[in-house]
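Geometric and topological summary
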Amino acid sequence: MGRDKSRKRAQSSSDESLDSEEEARLRDLRERDEFADRLRKRDEDKTRKVLESSSSRKAYEEAAKRLKLEIEDREKILPQLRVQSRRKYLEKRKDDKVAELEADILDDEYLFEEKILTDRERKEREYKKQLLTIAKEHEKARELERVQRYHMPQDVKKGETEEYVEVDERERQPNSEQKKWESEQLASAMFQFGAKDAKIKDEYDLLLDDQIEFIQALTMEGSKSKDKKPEITETEKHKMDIEETKKSLPVYPFREDLIAAIQEHQILIIEGETGSGKTTQIPQYLYEAGFTKDNKKIGCTQPRRVAAMSVAARVAQEMGVKLGNEVGYSIRFEDCTSERTILKYMTDGTLHREFLSEPDLASYSVMIIDEAHERTLHTDILFGLVKDIARFRPELKLLISSATLDAEKFSQFFDDAPIFRIPGRRFPVDIYYTKAPEADYIDACVVSVLQIHATQPLGDILVFLTGQDEIETCQEVLQDRVKRLGSKLKELVILPVYANLPSDMQAKIFEPTPPNARKVILATNIAETSLTIDNIIYVIDPGFAKQNNFSSRTGMESLMVVPISKASANQRAGRAGRTAPGKCFRLYTAWAYKHELEDNTIPEIQRINLGNAVLMLKALGINDLIHFDFLDPPPHETLVLALEQLYALGALNHHGELTKLGRRMAEFPVDPMMAKMILASEKYKCSEEIVTIAAMLSVNSAIFYRPKDKIIHADTARKNFNHIHGDHLSLLQVYNQWAETDFSVQWCYENFIQYRSMKRARDVREQLVGLMQRVEIDMVSSLPETIPIRKAITAGYFYHVARLSKGGNYKTIKHNQTVMIHPNSSLFEELPRWVLYHELVFTTKEYMRQVIEIESKWLLEVAPHYYKAKELEDSTNKKMPKTAGRSTMTV
DNA sequence: GAGCACTGC
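Rules behind the numbers
Residues numbered from 1 in each chain as written. Chains lettered and ligands numbered in written order. Predicted model: local features only at pLDDT ≥ 70, side-chain atom pairs only at ≥ 80, totals over all residues. Heavy atoms only, no water. Helix = DSSP H or I, 4+ residues; strand = E, 2+ residues; numbered from the N terminus. Buried < 20%, exposed > 50% of the residue type's maximum accessible area, 1.4 Å probe, protein only. Contact = heavy atoms within 4.5 Å. Areas by Shrake-Rupley, 256 points an atom, 1.4 Å probe, with all protein chains shown as cover. UniProt positions renumbered as here; feature names shortened; annotations may be inferred. Phe/Tyr/Trp six-rings, centres within 6.5 Å; stacked < 30°, edge-to-face > 60°. Lys NZ or Arg CZ within 6 Å of the ring centre and 35° of its normal. Domains from an automatic or database assignment. Buried area = accessible area lost by both parts, 1.4 Å probe. Salt bridge = Lys/Arg side-chain N within 4 Å of Asp/Glu carboxyl O. Axes fitted to C-alpha atoms, helices over the stretch in contact; angles between N-to-C directions. Parallel < 35°, antiparallel > 145°, perpendicular 65-115°, else oblique. Left-handed = near helix turned anticlockwise from the far one by under 90°. Disulfide = S-S within 2.5 Å. Near = heavy atom within 4 Å. Polar contact = N/O pair within 3.5 Å; in protein donor to acceptor, adjacent residues only side chain to side chain. Nonpolar A, V, L, I, M, F, W, Y, C, P; charged D, E, K, R; others polar. Pairing = 2+ DSSP bridges.

**Considering the overall build of chain A**
When its secondary structure is counted, chain A shows 32 helices and 22 strands. Here chain A, with 891 residues, has 48% of them falling under the buried criterion. Looking at chain A alone, contacts between residues at least 24 apart form 76% of all its contacts between residues at least 6 apart. Roughly 45500 Å² of accessible area belongs to chain A as shown, and the carbon and sulfur atoms make up 52% of that amount.

In structure tokens form, the structure reads like this:
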């Protein structure tokens with residue numbers, strides 16, 4: 001309705017300007033395609049090199065330095081520089097050689113640990129190790145020397161520019177914290193403890209108050225017999241020859257049939273439970289069957305980074321090659337592949353990004369979408385994209401791999417593709433329900449844990465809770481109860497685990513349970529799919545989880561506790577049957593399971609803001625998104641909102657086509673508004689600051705640490721960073737101060753800042769800086785001036801503006817919705833007239849999180865097409881326009 | 001005067 005009116009307005013506007021408008025549109029499209037061509041060419045050059053991103057950045061820095069030199073007095077500095085560069089070269093060469101040696105030894109041990117070595121081989125390995133020790137000791141000695149020299153600057157010749165940096169070089173490595181966490185995950189995925197003897201010990205006859213009555217309803221069938229212990233323990237498996245291990249996997253007998261089916265059909269749905277070996281084996285079978293001829297690759301996507309890495313490592317080991325050569329993986333911040341790579345594991349998001357540079361997947365002969373049943377946003381979009389490609393690339397094979405239940409649905413979506421079933425390897429799990437609903441499930445969890453501990457044979461317990469808060473409460477209550485019961489019970493080790501928990505504390509859940517004790521792990525949904533803990537025999541499932549929902553009507557996110565789905569409940573129960581037969585206690589009735597739980601969790605694509613996804617699809621040339629082939633289409637309003645926003649940001653023209661600006665925005669793995677902000681920093685000459693703010697906003701409010709016992713200290717520390725103009729600038733101060741301390745851990749600790757989040761912000765920042773260079777933006781700083789920074793933010797987020805109304809409330813300009821400044825904000829007590837917010841969240845009230853003060857006239861400056869001067873008049877006597885001015889647009 | 005499930009680019 002409103003849109004029609006505005007369209008008419010556009011039509012009636014002067015006809016002569018139409019021609020020039022059309023011309024501008026065509027010119028923009030031309031420029032957009034030229035830009036895309038430039039990117040493609042650059043990418044092609046890049047892929048020829050084995051080492052890419054970091055080396056190209058170094059090359060860039062070198063070039064910049066060289067340029068600077070031209071201005072300075074070349075004659076004077078050159079001889080000195082020559083000496084210096086020679087020294088640096090030798091230094092670097094030594095470092096490289098040491099690293100190479102170290103990698104060599106690791107590889108050697110990794111690949112051939114089970115093999116019996118000849119005397120010569122053993123000696124060689126010993127020699128290498130010795131060499132490495134010596135090299136390291138030498139380095140240590142030098143390190144000491146360096147520190148001493150630092151205190152004697154008079155030793156340095158005047159004019160010599162040698163740097164004496166004391167920073168721990170390992171800390172300076174990008175992603176080191178991430179890597180630490182991942183390597184821990186990796187280790188836990190690869191080395192498994194043998195199944196512990198779960199002998200029935202003498203049972204306690206202990207009466208607990210208010211026991212919960214459970215009734216056993218059914219047993220989730222396993223493929224293994226109930227009474228038998230696993231016939232192959234993990235340690236034995238390690239000793240087995242790799243070939244034999246491969247043959248023992250459930251998928252092995254299907255090898256020939258599977259290859260035949262793939263040869264016959266273009267698309268195949270593979271239904272198989274975890275533990276069938278499909279993820280590691282199928283790509284190898286395909287390789288052996290010749291699918292990688294003609295320089296083609298086999299790709300396999302995973303929803304998680306750790307999975308992509310660990311599976312690739314396992315397959316490389318099985319094939320006896322070095323990881324990163326024939327078998328590699330590619331995840332954000334880390335590309336471990338080379339031109340030789342033929343089996344490539346990657347995260348679904350990485351493949352999604354790869355589409356931008358290779359929209360037809362030309363370098364792949366087979367693409368496997370693994371864990372499709374998890375229905376991540378990226379997987380869902382990939383479905384539509386690969387289905388489309390399969391139509392014009394008949395030689396491309398597609399394998400969609402999923403757990404049970406969903407296979408039929410996938411088959412229907414992919415034009416009735418045949419389903420290939422592979423059995424899994426799992427133990428049966430007895431399922432128990434409560435007789436009556438439980439009112440307080442935390443209390444019910446505590447009681448159940450004690451009940452199991454008192455009456456059931458040894459074996460660890462896994463409890464699913466919804467969040468950190470619940471976990472902490474439960475932990476306290478449980479500890480208290482155990483203390484009161486005293487020595488009547490065996491030892492109970494209580495361990496929490498959730499994503500925001502520091503990694504060293506997370507790692508504790510993987511430590512073996514002490515003898516004669518029982519471990520209780522209180523976990524969030526992280527233990528449902530992301531972490532796999534061995535030796536869990538009992539699972540307690542209250543049936544709830546926190547879920548994020550996005551409302552396109554209000555543009556608001558809300559994190560709410562909701563009942564889980566049947567699929568999720570079964571996934572949780574399955575966690576009890578990994579190493580031996582297990583039991584799952586559901587704290588709800590069988591009736592509730594049957595009638596109240598949905599079959600499947602609502603897929604992500606229907607629950608979140610699709611701004612970035614829509615921009616990506618547009619960048620891939622998919623113009624008609626409303627009719628895009630989604631497995632489950634997102635709500636119509638969400639798509640419309642995303643398109644409207646992209647239009648308002650100038651990423652789409654009035655024909656709904658991608659503009660040059662939009663093409664540049666699509667390069668950034670961030671929301672469109674943030675991408676626009678980053679690009680606007682070019683104009684306002686504050687790219688250094690904006691990219692920091694973008695990185696800090698991306699780590700999602702996990703920066704300030706508030707331990708329960710030191711809340712006052714933490715809050716005071718936080719207030720020290722507050723900036724009078726708002727939270728974005730506070731975040732900037734946090735980052736810059738941290739950077740000044742050379743990214744110190746100690747500093748974070750002293751200021752109640754989460755080191756892990758800061759590291760992540762630093763990684764994100766580095767990636768964004770790389771991308772900015774890619775889209776041809778210079779890095780410049782505007783400090784101490786902050787107005788340009790706030791203007792650049794406004795250029796991206798002019799959609800997110802609210803004004804103080806008479807009642808002391810804020811009203812959003814867009815929806816005239818009442819919202820409040822979040823109490824954590826530095827502007828909470830300031831109440832400026834005009835504010836810009838980063839996000840709207842509904843918790844107990846409608847809150848704006850991350851707020852800055854702006855001036856209304858900036859809105860006219862950065863978005864003249866979106867705001868009219870009249871509606872921004874500040875005088876409160878004047879009538880406010882009912883709706884915000886909206887420009888024309890056809891979706 | 002509030003409160004952050006989990007992934008991923």
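**Looking at the UniProt feature "domain: Helicase C-terminal" (unreviewed entry) in chain A**
Using the residue numbers shown here, the UniProt feature "domain: Helicase C-terminal" (unreviewed entry) corresponds to residues 448-621. In the segment residues 448-621, helix accounts for 34% and strand for 26%; the C-alpha atoms at its two ends are 55 Å apart.

**Points about the packing of aromatic side chains**
Applying the stated criterion across every chain yields a total of 20 aromatic pairs. Judged by centre distance (6.0 Å) and plane angle (85°), the rings of F383 and F414 are edge-to-face. Here F383 is found in helix α14 (residues 377-392), whereas its partner F414 is found in the loop between α15 (407-413) and β9 (419-422), with 31 residues between them in sequence. Judged by relative accessible area, which is 1%, F414 ranks as buried. An aromatic cluster of at least three residues, connected via ring pairs, comprises F383, F410, F413 and F414. The cationic tip of R718 hangs over the ring face of F704; the distance from NZ or CZ to the ring centre is 4.0 Å. Across the ring face of F743, the terminal group of R762 is positioned such that the distance to the ring centre comes to 3.6 Å.

**Brief notes about the environment of R765**
Summarising the element assignment, R765 is placed in helix α30 (residues 755-774). Taking the C-alpha atoms as reference points, R765 and G277, 488 residues apart in sequence, are found 37 Å from one another. Each residue touching R765, except ones within four places of it in the same chain, is listed here: E688, V691, T692, A695 and Y735.

**Quick notes on the domain arrangement of chain A**
Split by domain assignment, chain A resolves into domain 1 (251-422), domain 2 (429-602), domain 3 (609-667) and domain 4 (796-871). Distance from the C-alpha centre of domain 3 to the C-alpha centre of domain 4: 25 Å. Between domain 3 and domain 4, the contact holds five residues from the first and six residues from the second. Summed over both sides, the interface between domain 3 and domain 4 buries roughly 410 Å², with carbon and sulfur atoms accounting for 60% of that surface. For the domain 3 face of the interface with domain 4, the top three residues by lost area are Q645, A648 and L649, together amounting to 80%. Between the two partners, domain 3 and domain 4, sit zero salt bridges.

**Here we look at the pattern of salt bridges**
Tallying each qualifying case throughout the model produces 31 salt bridges. One connected set of salt bridges, linked through shared partners, spans K246, R255, E256 and E288.

**Some words on the packing of helix α11 (residues 278-288) against helix α12 (residues 305-319)**
Any two packed helices are characterised by the angle at which their axes cross and by the distance between the axes. The N-to-C vectors of α11 and α12 enclose an angle of 50°; their axes lie 10 Å apart at closest approach. Here α11 is positioned oblique relative to α12, judged by the angle of their axes. For the pair α11 and α12, the crossing hand works out as right-handed. Of the residues in α12, those touching α11 at T279, T280, Q281, Q284 and Y287 are V311, R314, V315, E318 and M319.

**Observations regarding the state of the cysteines**
Taken as a whole and judged by the stated rule, the model has zero disulfides. For C474, which is in no disulfide, the shortest distance to another cysteine sulfur is to C445 and amounts to 5.4 Å.

**Comments concerning the protein's contact with DNA strand B**
In the neighbourhood of DNA strand B, 32 residues make up the surrounding shell, with R305, A499, K546, R706 and T843 lying closest. Of everything in DNA strand B that lies within 4 Å of the protein, sugar and phosphate atoms constitute 61%. Between DNA strand B and T350 there is a distance of 3.4 Å, counted from a phosphate oxygen to a side-chain nitrogen or oxygen. Sorting the residues of the surface near DNA strand B by element identifies α13 (348-357), β15 (544-551) and β22 (846-853) as the ones contributing at least two each. Split into classes, the residues belonging to the surface near DNA strand B amount to ten nonpolar, 14 polar and eight charged.

**Re the sheet that holds strand β5 (residues 334-336)**
Strand order in this open sheet of eight strands is β5-β4-β6-β3-β7-β8-β2-β9, and the pairing throughout is mixed. Looking at strand neighbours, the two that pair on one side only are β5 and β9, the edges of this open sheet. Neighbouring strand axes in the sheet, compared pairwise and without regard to direction, differ in orientation by 20° on average. One ladder, built from five bridges, connects strand β2 (residues 267-272) with strand β8 (residues 397-402); its direction is parallel.

**As for the packing of helix α25 (residues 672-683) against helix α31 (residues 787-797)**
Put simply, α25 and α31 touch, their axes get as near as 7 Å, and they point 140° apart. Between α25 and α31, the angle falls in the class oblique. Crossing handedness for the pair α25 and α31: right-handed. Contacts between α25 and α31 pair M673, M674, K676, M677, A680 and S681 from the former with A792, I793, A795, G796 and Y797 from the latter. Its residues assigned to classes, the contact of α25 with α31 shows eight nonpolar, two polar and one charged.

**Section: the pairing of strand β6 (residues 343-347)**
The buried count for β6 comes to five of five residues, which makes it a mostly enclosed element. By the bridge criterion, five bridges tie strand β3 (residues 297-302) to β6 in an arrangement that is parallel. The partner of G299 across the bridge, within β6, is K344. Here strand β4 (residues 327-331) runs beside β6; their pairing, made up of four bridges, is parallel. Bridge pairing links S330 to M346 in β6.

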